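Geometric and topological summary
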Amino acid sequence: MLTSLRVPALAAGLALALPAGLAAQECAVDFTQPTQLFTANIAIQRAAGDPAGEGTPRALRDAARSLQDARRFVGNPVGYAYARAQLAIVWLHRDDTPATMTQADLNLGRDRTTPVDLIGMADSLLRVVESAMPECKDETLRWRQSKPWNDRIAAAYRLINADELDSAQHYLTQAARLDRSSPYLFNARAQIALKRGQQETAVAELDTAIALAAADTALADTRRQMRIQRASIIQEWGGGLEDIAARKAALSRAAREFLALGHESPEHEQTAMFVSVGLDIAMLVQDSVLTLEGLKPMLENPAPYADLALLIGAEVSRMSGNLPNAMTLYQETLKKNPNARDANYFLAYLLIDANRGEEALPLLDRLIEIDPSNGDNYLLKSIVIRNRATAAQTRRDATRDATQRQTLLREIRALTAQADSLGAKESGMPQKVQVIGFERRPEGAKLNGTIENRTQAAKTYTVEMSFLNAAGEVLETLTATTESIAGGATGGFEIIATKPGIVAWRYKALP
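As the structure is a prediction and not an experimental result, all values here were calculated from the model. (Residues numbered from 1 in each chain as written. Predicted model: local features only at pLDDT ≥ 70, side-chain atom pairs only at ≥ 80, totals over all residues. Heavy atoms only, no water.)

1. Considerations on the state of the cysteines
- Taken as a whole, this structure holds one disulfide when the rule is applied.
- The disulfide partner of C27 is C136, and the S-S distance across this bridge is 2.0 Å. Across the S-S bond of C27 and C136 the torsion is about 100°, and the bridge reads as right-handed. Separated by 109 residues along the polypeptide, C27 in the segment before α1 (35–49) and C136 in the loop between α5 (118–132) and α6 (137–144) bring together distant segments of the chain. (Disulfide = S-S within 2.5 Å. Helix = DSSP H or I, 4+ residues; strand = E, 2+ residues; numbered from the N terminus.)

As structure tokens, this is what we get:
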């Protein structure tokens, strides 16, 4: 979920010094005929060059005097409409201009009391230009999204952040009359709906905002932020639906969005989070097809993905029962981060389970270096060694050669002794260390662990933890001392590292 709203980074005004007909060759509005239009246009452009200037009201009223008699402009209705629209917008550039003025205030007519809605006037007249000359829409958009529009959008965002939603809605309504083509307008509407608890409406408004933002490459990051928020809203809203089918459909949509965000930018620092959330949701709704779809890009081309994203994919595959995929992704994880403890442990476990224990031995040796006071690691290695002894026994039983049988007997005894030693190591450990949480951060990492006191007497423990980069180099070494842990009880410890680039850990074996 987005934590804050971003006021759109739009220009405060427009460079309007040139006659509008000269701003772009493809929009060839004629401002030269009749003479009154030419005169009015010069005055309008002079005012547009300094909208807040002291002489601007007089220049605009002088221009309006030339535009009073509509009968003079029947031969050039587009130029007439465009000039009057620009007149209204330049008036709106001034902070002291009310939204409604009278004809007399504007010098547009004799009736001193007839109100003129400047925003409505500008919009309706620009529509005339855009309908007659569609090639002018890019240029008229610059007028529509100039300071008056920008001021109202920015005010709406400020008011949304202040929880003044009715006032924000008022400014958005005014802005929408000037222009409805900006994603910022619909994003602001989404934020209002979200604050009012109207999550479905917020999603619909974000749908429009995201579609509009897709047309502008400069808004790529803004569009991404809106997509993250939309996925988060759908996840929260969908999870609360009572209808099972509707709930699954909403959550599946959220999962697809998170996965799409992750897979389209595999190298992005948030990819692992998006992939994790998307796959978690897919598993929650028991959508095996979506789960496989979410894993497919990593399986087909793991190279762009960071080790953490690959590790998440491996864990999801393992928990889903797709062990070949899990093994593949654990292997890819270890190519990028050989000291990833869980990747070493679970790949070794799966290899042993697949009767490929010999392949697991290098992993187990590394695992014992990383996590030396966790008896589970010794137990796994003892299984591999005992399986070696069993295989040697099978070979001995199959041969009648006395020399070979004697050689195999010695091998069996040595392997059995090694397996027994590993088993004794596990069972005789006076404590068991387990790292239960490892959170990577842009500046360092947070690690949480537990220590089981397997003796009868209360003890305190000091853990010396080294934090590593992807190459296995130690970036930082810190210690943590537990409180006194009673015999047979378990206590916790926490270590926070501050060096950037940490991706793994290992600790010194406890005595």
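2. Some details on the sheet that holds strand β3 (residues 431–441)
- Taken together, three strands build an open sheet; the order of strands is β3-β4-β7 and the sheet is antiparallel. What marks the edges here is a single partner per strand, and that holds for β3 and β7 (490–497). On average, each strand axis in the sheet is inclined to that of its neighbour by 15°, with strand direction left out of account.
- Pairing geometry for β3 and strand β4 (residues 444–453), over ten bridges, is antiparallel. Of the residues in β4, the one forming a bridge with G437 is N448. (Pairing = 2+ DSSP bridges. Axes fitted to C-alpha atoms, helices over the stretch in contact; angles between N-to-C directions.)

3. Some details on the packing of helix α11 (residues 220–239) against helix α12 (residues 244–264)
- Contact pair α11 / α12: the axes reach a minimum separation of 8 Å and the direction vectors enclose 155°. Classed by the angle they form, the pair α11 and α12 counts as roughly antiparallel. Between α11 and α12 lies a crossing of left-handed hand. From α11, R224, R227, I228, R230, A231, S232, I234, Q235, G238 and G239 reach across to α12, where they touch R247, A250, L251, R253, A254, E257, F258, A260, L261 and E264.
- Tallied by class, the residues present in the contact of α11 with α12 amount to nine nonpolar, four polar and seven charged. (Parallel < 35°, antiparallel > 145°, perpendicular 65-115°, else oblique. Left-handed = near helix turned anticlockwise from the far one by under 90°. Contact = heavy atoms within 4.5 Å. Nonpolar A, V, L, I, M, F, W, Y, C, P; charged D, E, K, R; others polar.)

4. Topic: the pattern of salt bridges
- Summed over the entire model, instances satisfying the criterion amount to 33 salt bridges.
- When the shortest N-O distance is used, the salt bridge between R196 and D166 registers 2.7 Å. Here the residue R196 occupies a position in the loop between α9 (183–195) and α10 (199–213), and D166 occupies one in helix α8 (residues 165–178), the gap between them amounting to 30 residues.
- Classification of D166 by relative accessible area gives exposed; the value is 60%.
- Look at the salt bridges and you will find they share partners, linking D207, R227, R230, R253, E257 and E264 into a network. (Salt bridge = Lys/Arg side-chain N within 4 Å of Asp/Glu carboxyl O. Buried < 20%, exposed > 50% of the residue type's maximum accessible area, 1.4 Å probe, protein only.)

5. Here's the deal with the packing of aromatic side chains
- In the structure shown here, the tally under the stated rule is six aromatic pairs.
- Between F31 and Y82, the aromatic rings sit 5.8 Å apart at their centres with planes inclined by 40°, giving tilted as the arrangement. Taken together, the residues F31 in the segment before α1 and Y82 in helix α3 (residues 77–93) connect sequence positions 51 residues apart. You'll find F31 and Y82 in the same group, each marked buried.
- The interplanar angle of 85° and the centroid separation of 5.1 Å between the aromatic rings of Y345 and F346 together place this pair among those described as edge-to-face.
- For Y345, a relative accessible area of 14% corresponds to the buried category.
- Overall, F346 belongs to the buried group, its relative accessible area being 18%.
- Every member of this aromatic cluster is reached through a ring pair, and the members are Y330, Y345 and F346.
- Above the ring of F346, the side-chain terminus of R318 is found at 3.7 Å from the ring centroid. (Phe/Tyr/Trp six-rings, centres within 6.5 Å; stacked < 30°, edge-to-face > 60°. Lys NZ or Arg CZ within 6 Å of the ring centre and 35° of its normal.)

6. Looking at the environment of R158
- Its location among the elements puts R158 in helix α7 (residues 147–161).
- Its relative accessible area of 53% is what places R158 among the exposed residues.
- On a C-alpha basis, the gap between R158 and M133 in space is 36 Å, while along the polypeptide they are 25 residues apart.

7. Examining the confidence of the model for the protein chain
- Taken over all residues, the pLDDT of the protein chain has a mean of 92, while the share at 70 or more is 95%.
- Here residues 1–25 is modelled with pLDDT under 50, and outside its nearest four sequence neighbours on either side it reaches 54 contacts, counting other chains as well. (pLDDT = per-residue confidence, 0-100.)

8. Quick notes on the environment of T39
- Structurally, T39 is set in helix α1.
- Exposure remark for T39: the relative accessible area of 40% places this residue in the partly exposed category.
- Taking the C-alpha atoms as reference points, T39 and R65, 26 residues apart in sequence, are found 10.0 Å from one another.

9. Topic: the layout of surface pockets
- The volume enclosed by the largest pocket comes to roughly 1,100 Å³.
- A272, L308, F438, E439 and R440 are, among the 41 residues lining the largest pocket, the residues nearest its centre.
- Of all the secondary-structure elements, those providing two or more residues to the lining of the largest pocket are α13 (271–284), α15 (307–320), α17 (341–353), β3 and β8 (504–507). (1 Å grid on protein atoms, 1.4 Å probe; cavity = no way out; pocket = protein on both sides within 12 Å on 5 of 7 lines; lining within 4 Å. Points joined across faces, edges and corners; volume = space filled by probe spheres on them.)

10. Description of the packing of α12 against helix α14 (residues 288–300)
- The N-to-C vectors of α12 and α14 enclose an angle of 0°; their axes lie 10 Å apart at closest approach. Taken together, the axes of α12 and α14 lie roughly parallel to each other. Along the contact surface, α12 presents S252, A255, R256, L259 and H263, while α14 presents L290, E293, G294, P297 and M298.
- For the contact of α12 with α14, the class distribution of residues is five nonpolar, three polar and two charged.

11. Focus: the sheet that holds β8
- Within the open sheet, the three strands sit side by side as β6-β5-β8. Their pairing is antiparallel. The open sheet has two edge strands, β6 (474–481) and β8, and neither has a second partner. Direction aside, neighbouring strands of the sheet carry axes that sit 25° apart on average.

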